[in-house]
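# Results of the structural survey
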Amino acid sequence: MRCLAPLLLAPALIAACQPASSPAGDGPVLSYEDAFIMAPIGGRDVTMGGIRITVEGGDVTLTGARSDVAATVETHTMAMVNDKMTMRPVESFEIKDGETLELKRGGDHLMLFGVVPDLAAGEAANISFTFETADGETLTLEAEAEVRARGE
Ligand SMILES: [Cu+2]
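Presented here is an overview of the structure given in this document. Keep in mind the model is a prediction, meaning the values are calculated, not measured. (Residues numbered from 1 in each chain as written. Predicted model: local features only at pLDDT ≥ 70, side-chain atom pairs only at ≥ 80, totals over all residues. Heavy atoms only, no water.)

### Section: the overall build of the protein chain
To keep it simple, the criterion reads: A run of H or I in DSSP becomes a helix once it reaches four residues, and a run of E becomes a strand once it reaches two; helices and strands are each numbered from the N terminus. Under the scheme applied here, a residue whose accessible area is under 20% of the maximum for its type counts as buried, over 50% as exposed, and between as partly exposed, the area being computed with a 1.4 Å probe on protein chains only. The contact definition used throughout considers only heavy atoms, calling two residues in contact when any of these lie within 4.5 Å. Where accessible areas are quoted, they stem from the Shrake-Rupley method and a 1.4 Å probe; at the residue level, only the protein chains shown are allowed to cover.
For the protein chain, the helix and strand inventory stands at 1 helix and 10 strands. Here the protein chain, with 152 residues, has 38% of them falling under the buried criterion. For the protein chain, the proportion of contacts with a sequence separation of at least 24, taken over those separated by at least 6, is 66%. In the form shown here, the protein chain has an accessible surface area of approximately 8400 Å², with 52% of it arising from carbon and sulfur atoms.

Now the structure itself:
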């Protein structure tokens, strides 16, 4: 948790810790937009979500995600199998310096399992992403996701 030290020394630096970044400003800096989770339909406890994550200042690898509203969050990709689009879990996604990883419906996406039963459109939910930098450091990105209804 590299944000803690400067945060304790100088409260003014709190802003520098959001989004996740190295304290000294060197190393990769992550930002995000359009984080969402689809409201589960028909009482199901499985749904998908998405986000756009951009990195500046170095390559990172997205190695995991979790949320308070789901038991587990997986990263999935889509692939053609026997002429059918199917999805499968992937261990990680690499994001090159200056590039944006887009997780969305119909492409690479987030899959949430064991979703809390009362999650409804219009609510907000957290998604916490874990990254590894090229020199083996761990970064986290705390995203606030909008819960969306089908068709939005
Ligand atoms: Cu999936």
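### Focus: the coordination of the copper ion
By definition of the ideal shapes, four donors in a tetrahedron about a metal sit 109.5 degrees apart, and six donors in an octahedron sit 90 or 180 degrees apart. In plain terms, the rule: The rule for donors is simple: an N, O or S atom within 2.8 Å of the metal counts, and for Na, K and Ca the reach is 3.2 Å. Water is not among the atoms, so a site may look short of donors. The rule is simple: four donors are tetrahedral if all their angles sit between 85 and 135 degrees, four are square planar and six octahedral if opposite donors span more than 155 degrees and the others lie between 65 and 115, and anything that fits none of that is irregular.
The protein atoms that coordinate the copper ion are His76 (ND1), Met87 (SD), His109 (NE2) and Met111 (SD), at distances of 2.1 to 2.3 Å. Geometry at the copper ion is tetrahedral, judged from its 4 donor atoms and the angles of 98 to 115° they form at the metal. Between consecutive donor residues of the copper ion, the sequence gaps follow H-x10-M-x21-H-x1-M. Note that His76 is positioned in strand 4 (residues 72-81) and His109 in strand 8 (residues 109-113), a separation of 33 residues in sequence. Here His76 and His109 have matching classes, each one buried.

### Regarding the environment of Gly151
The residue Gly151 is located in the segment after strand 10 (138-148) in this model. Gly151 gets classed as exposed once you look at its relative accessible area, which sits at 73%. Note: C-alpha distance between Gly151 and Met38 (113 residues apart in sequence) is 9.6 Å.

Coordinates in, geometry out; function isn't part of it.
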